Protein chains: 2
Amino acid sequence: MSARNSSETARVIPEATVARLPVYLRALTALSESGIRTCSSEELATAAGVNSAKLRKDLSYLGSYGTRGVGYDVEYLRYQIAREIGVTQDWPVVIVGIGNLGHALANYSGFRSRGFRVVALLDADPERHDELVAGVAVQPFDDLESIVEEHGVAIGVIATPALAAQNVADRMVAAGISSILNFAPAVLTVPEGVDVRKVDLSIELQILAYHEQRKAHGAQGSLPDGVADGVPEVTEAAL
Amino acid sequence: MSARNSSETARVIPEATVARLPVYLRALTALSESGIRTCSSEELATAAGVNSAKLRKDLSYLGSYGTRGVGYDVEYLRYQIAREIGVTQDWPVVIVGIGNLGHALANYSGFRSRGFRVVALLDADPERHDELVAGVAVQPFDDLESIVEEHGVAIGVIATPALAAQNVADRMVAAGISSILNFAPAVLTVPEGVDVRKVDLSIELQILAYHEQRKAHGAQGSLPDGVADGVPEVTEAAL
DNA sequence: TAGATTGTTAATCGATTAACAATC
DNA sequence: TAGATTGTTAATCGATTAACAATC
């Protein structure tokens, strides 16, 4: 159990590759479920939505799990990637902020099936306490510390309004959480060693809008609905 | 209204910069709301969570909107960025798939306030039709084409199960939508010219898990809960 | 062996960063 | 003018891609 790989040499996996490993894992799972035992880098790349050169390069950081002239054993590669990511084990997770998004996250079956277990739902609003969401009772936010300690929680999800997010993050970090998935539209400041990933719905839409605007080609052309070009007035709310 | 900039020269803005513009916009809005009229690149960079060199480089792709020795006029820069992104206008959006996540998205106030207007909520399940979500009635998915045409919808949001996603995307594209925000855990194939951005909750968690695993440093150390190292068995569901 | 496909190399491309000249 | 801060340059770093030698 100590050596994870026969040829253990402090592999450094580029961030861009790390971000794609879960995509490969999902593609391999799909292939496996449709009964496919073996695949080429070309086939797997297509299923994952990347090109095969990138796929092979990515996999090369993990080791040599393929067979030249043949391809990859789907089950074997799937396990190797799952182990590399760390989802062969079970990660206890807490979700803070049980509004609309918190509900959706709590009910998301994809967490459970991919190595994550929601051990607690927390909310500062007493009105929400004891409500059952996806079979789990909503608890007071102040229970955070005891829950983190009891379950050894390392990953926290923030689904609160923007204004509450930094305080929640501070409390999470103080409680021992060192990885945070942040859905609140706020910039979080955390100590070194704590990882924060951000999912921001309106930012994604704005990126699409930028490209969409350019497609309707540049300056000219039909702009949708309420064009307000030249009027220096934009209103953006806090949340 | 034809020339968007006095010195219009087909500016090419790098993707990485485009992805950060909405972050700057949000930071400027926050500064503006706290009554700040002027800021330096250092201050804005801190508010946006980047370093000031990157901020200035990013802004330089838009033009010269600052004053040396002084800094940036918050309102002016905010408007310039909003215009560049395209959120000085109103973008009609449809959301398809009104399950938990669809509900959360429909209720998300951040869309409306940032230049997006949800004009329709669609679902293939008749059980959900006519239900009011955030004041909007859920309509049959088959109404997609007429709604897209009526409102000039260019951006669609997919919040369906994975299996339905490709079909929804195909229909969206056929109806004239050319930007898609996909929340379904599926790889979408779309024609050239159509933009797809993907938000995948479990992939974000898996990336965090990877880093978390390495923090508990490498092979040794206390691994949380149900360690299953060496057992080549992972189960990942389709959704 | 001949055909197929991996794993790796090297070239290219794009993003980040530090430093500083320009200039308010 | 002196101090401050932008906008830009150039160096560095990391990611992508094509091509192909290794090898099943």
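Reading guide: rules and limits
- Residues numbered from 1 in each chain as written.
- Chains lettered and ligands numbered in written order.
- Predicted model: local features only at pLDDT ≥ 70, side-chain atom pairs only at ≥ 80, totals over all residues.
- Heavy atoms only, no water.
- UniProt positions renumbered as here; feature names shortened; annotations may be inferred.
- Helix = DSSP H or I, 4+ residues; strand = E, 2+ residues; numbered from the N terminus.
- Buried < 20%, exposed > 50% of the residue type's maximum accessible area, 1.4 Å probe, protein only.
- Areas by Shrake-Rupley, 256 points an atom, 1.4 Å probe, with all protein chains shown as cover.
- Contact = heavy atoms within 4.5 Å.
- Expected span 1.5 Å × (residues − 1).
- Arc of directions from axis to C-beta.
- Near = heavy atom within 4 Å.
- Salt bridge = Lys/Arg side-chain N within 4 Å of Asp/Glu carboxyl O.
- Pairing = 2+ DSSP bridges.
- Right-handed = clockwise from strand over helix to strand, strands pointing away.
- Polar contact = N/O pair within 3.5 Å; in protein donor to acceptor, adjacent residues only side chain to side chain.
- Nonpolar A, V, L, I, M, F, W, Y, C, P; charged D, E, K, R; others polar.
- Phe/Tyr/Trp six-rings, centres within 6.5 Å; stacked < 30°, edge-to-face > 60°.
- pLDDT = per-residue confidence, 0-100.

Looking at an unreviewed UniProt entry, chain A carries the name Redox-sensing transcriptional repressor Rex, with the source organism given as Nocardioides thalensis. Listed in UniProt under the heading Subcellular location (unreviewed entry), the comment for chain A reads: "Cytoplasm". Under the UniProt heading Subunit (unreviewed entry), the entry covering chain A gives this text: "Homodimer."

1. Considerations on the overall build of chain A
Each helix and strand counted, chain A has 9 helices and 10 strands in total. Buried positions account for 53% of the 239 residues belonging to chain A. Taken as a whole, chain A presents about 10500 Å² of accessible surface, with 53% of it coming from carbon and sulfur.

2. Observations regarding the side chain of Asp-58 of chain A
With respect to the element layout, Asp-58 of chain A can be found in helix H3 (residues 52-60). With residues near it in sequence (within four places) discarded, Asp-58 of chain A still touches Thr-17, Arg-20 and Tyr-24 of chain A.

3. Some words on helix H8 (residues 162-175) of chain B
Residue and element names in this part refer to chain B. The end-to-end C-alpha distance of H8, which contains 14 residues, comes to 20 Å, matching closely the 20 Å that a straight helix rising 1.5 Å per residue would cover. Of all the positions in H8, only Ala-162, Ala-165, Val-168, Ala-169, Met-172 and Val-173 are classed as buried. Down the axis of H8, the smallest arc covering the buried residues is 130°, so these residues share one side. Every exposed residue of H8 that faces more than 90 degrees away from the buried side is listed here: Leu-163 and Ala-174. Taken together, the buried residues of H8 touch strand E4 (91-96), helix H7 (144-151), strand E8 (155-158) and strand E9 (179-182). Phi turns positive, to about 115°, at Gly-176, one or two residues after H8.

4. Here we look at the protein's contact with DNA strand C
In the vicinity of DNA strand C, 26 residues are found, and the nearest of them are Ser-41 and Tyr-72 of chain A together with Arg-20, Asn-51 and Arg-68 of chain B. Each atom of DNA strand C within 4 Å of the protein belongs either to a base or to sugar and phosphate, the latter forming 65%. For the surface near DNA strand C, the secondary-structure elements that each account for two or more residues are H3, strand E2 (66-67) and strand E3 (71-73) of chain A together with helix H1 (15-33) and helix H3 (52-60) of chain B. The greatest single-element share of the surface near DNA strand C, amounting to 4 residues, is contributed by H3 of chain B.

5. What to know about the pattern of salt bridges
By the definition in use, this model includes 24 salt bridges over all chains. A salt bridge links Lys-215 of chain B to Asp-195 of chain A; its shortest N-O distance comes to 3.5 Å. One end of the pair, Lys-215 of chain B, is in helix H9 (residues 201-215); the other, Asp-195 of chain A, is in strand E10 (residues 195-198), on a second chain. Exposure remark for Lys-215 of chain B: the relative accessible area of 29% places this residue in the partly exposed category. Note on Asp-195 of chain A: relative accessible area 25%, which makes it partly exposed. Here Arg-128 of chain B ties to Asp-123 of chain B by a salt bridge, and the two come within 3.0 Å at their closest N and O atoms. Residue Arg-128 of chain B is classed as partly exposed on the basis of its relative accessible area of 29%. Through salt bridges with shared partners, a single ionic network connects Arg-26 of chain A together with Lys-198 and Asp-200 of chain B.

6. Overview of the pairing of strand E9 (residues 179-182) of chain A
Residues and elements named next belong to chain A. Residue alternation in E9 divides its side chains into two sets, Ser-179 and Leu-181 and Ile-180 and Asn-182, and both sets are buried. The pairing of strand E8 (residues 155-158) with E9 spans 4 bridges and is classified as parallel. Directly across from Ile-155, in E9, lies its bridge partner Ser-179. The parallel pair E8 and E9, bridged by helix H8 (residues 162-175), forms a crossover whose chirality is right-handed.

7. Digging into the protein's contact with DNA strand D
Of all residues adjacent to DNA strand D, which total 26 residues, the nearest are Arg-20 and Arg-68 of chain A together with Ser-41, Gly-66 and Tyr-72 of chain B. Near the protein, meaning within 4 Å, the atoms of DNA strand D are sugar or phosphate in a fraction of 64%, with bases accounting for the rest. Ser-41 of chain B has a polar backbone atom sitting 2.5 Å from a phosphate oxygen of DNA strand D. At 2.9 Å from a phosphate oxygen of DNA strand D is found a main-chain nitrogen or oxygen belonging to Gly-66 of chain B. For the surface near DNA strand D, the elements supplying multiple residues, two or more each, are helix H1 (15-33) and H3 of chain A together with H3, strand E2 (66-67) and strand E3 (71-73) of chain B. Among the residues forming the surface near DNA strand D, the class breakdown is 6 nonpolar, 11 polar and 9 charged.

8. Quick notes on the UniProt feature "binding site: NAD(+)" (unreviewed entry) in chain A
Residues and elements named next belong to chain A. In the numbering used here, UniProt assigns the feature "binding site: NAD(+)" (unreviewed entry) to Gly-97, Ile-98, Gly-99, Asn-100, Leu-101 and Gly-102. Positionally, Gly-97 belongs in the loop between strand E4 (91-96) and helix H5 (100-107). The class for Gly-97 is buried, based on a relative accessible area of 8%. For Gly-97, the residues in contact, after removing those within four places along its chain, are Gly-102, Leu-122, Asp-123, Ala-159 and Thr-160. Structurally, Gly-102 can be placed in helix H5. When neighbours within four sequence positions are excluded, Gly-102 is seen to be in contact with Gly-97 and Ala-159.

9. Quick look at the packing of aromatic side chains
Counting across every chain of the model gives 4 aromatic pairs over all chains. Pairing Tyr-65 of chain A with Tyr-76 of chain A gives two aromatic rings, centres 5.7 Å apart and planes at 90°, and the pair type is edge-to-face. Separated by 11 residues along the polypeptide, Tyr-65 of chain A in the loop between H3 and E2 and Tyr-76 of chain A in helix H4 (residues 74-85) bring together distant segments of the chain. For Tyr-76 of chain A, a relative accessible area of 40% gives the class partly exposed. Both rings, one in Tyr-108 of chain B and one in Phe-111 of chain B, keep their centres 4.9 Å apart while their planes meet at 90°; by these two values the pair is edge-to-face.

10. Side note on the confidence of the model for chain A
Detailed reading of predicted coordinates is not advised where the pLDDT is low. Mean pLDDT for chain A: 88, with 86% of residues reaching 70 or above. This stretch, residues 1-9 of chain A, has a pLDDT under 50; its non-local contacts, to residues over four places away or in other chains, come to 13 contacts.

11. Overview of the sheet that holds E4 of chain B
All names here are of chain B. The 7 strands lie next to each other as E6-E7-E5-E4-E8-E9-E10, forming an open sheet whose pairing is mixed. Single-partner strands in this sheet number two, and they are strand E6 (132-133) and strand E10 (195-198). As judged from the 3 bridges shared by strand E5 (residues 116-123) and strand E7 (residues 136-140), these two strands associate in the parallel manner. Pairing of Asp-123 across the sheet is with Pro-140, part of E7.

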